[in-house]
Amino acid sequence: LGGSDKVDINNANVQAYRQFPGMYPTAAGAIGSHGPYKSVQDIYSIPGVPDNVKAIMKKYEAQFVCLPVNEAYFIDRINNGMYR
């Protein structure tokens, strides 16, 4: 979810994308605001994401994984519970 080289697009908080230059906040926010995803390729179908942002996502695609949704994490993908 975080602290590793791979980021789970279904469960990771947007902060996990900070390790990839250019991904935060725009691309990370788009991924975190949509889903759940069935595969990493699903991120390229997010509505309204411009081609230049998709290119950044593509650059780091090998670092993304798509694991089953864990409700405990999915709900906190944008807000990690700090402001509840």
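Residues numbered from 1 in each chain as written. Predicted model: local features only at pLDDT ≥ 70, side-chain atom pairs only at ≥ 80, totals over all residues. Heavy atoms only, no water.

K.L.:
Residues and numbers for the environment of Tyr-17, please.
P.N.:
Relative to the elements of secondary structure, Tyr-17 occurs in the loop between strand E1 (7-8) and helix H1 (26-33). Considered as a pair, Tyr-17 and Tyr-60 are 43 residues apart in the sequence and their alpha carbons are 9.8 Å apart. Setting aside its immediate chain neighbours within four residues, Tyr-17 contacts Val-7, Asp-8, Ile-9, Met-23, Ala-28, Ile-31 and Phe-64. (Helix = DSSP H or I, 4+ residues; strand = E, 2+ residues; numbered from the N terminus. Contact = heavy atoms within 4.5 Å.)

K.L.:
Quick one: what's the story with the packing of aromatic side chains, residue by residue and with numbers?
P.N.:
If you walk through the whole model with that rule in mind, you get three aromatic pairs. With a centroid separation of 5.0 Å and 35° between ring planes, the pair formed by Phe-20 and Tyr-60 is classed as tilted. Placement of Phe-20 in the loop between E1 and H1 and of Tyr-60 in the loop between helix H2 (51-59) and strand E2 (64-65) is noted, with a sequence separation of 40 residues between them. Overall, the relative accessible area of 6% leaves Phe-20 in the buried class. Their ring planes at 80° and their centres at 5.8 Å tell us that Phe-20 and Phe-64 sit as a pair that is edge-to-face. (Phe/Tyr/Trp six-rings, centres within 6.5 Å; stacked < 30°, edge-to-face > 60°. Buried < 20%, exposed > 50% of the residue type's maximum accessible area, 1.4 Å probe, protein only.)

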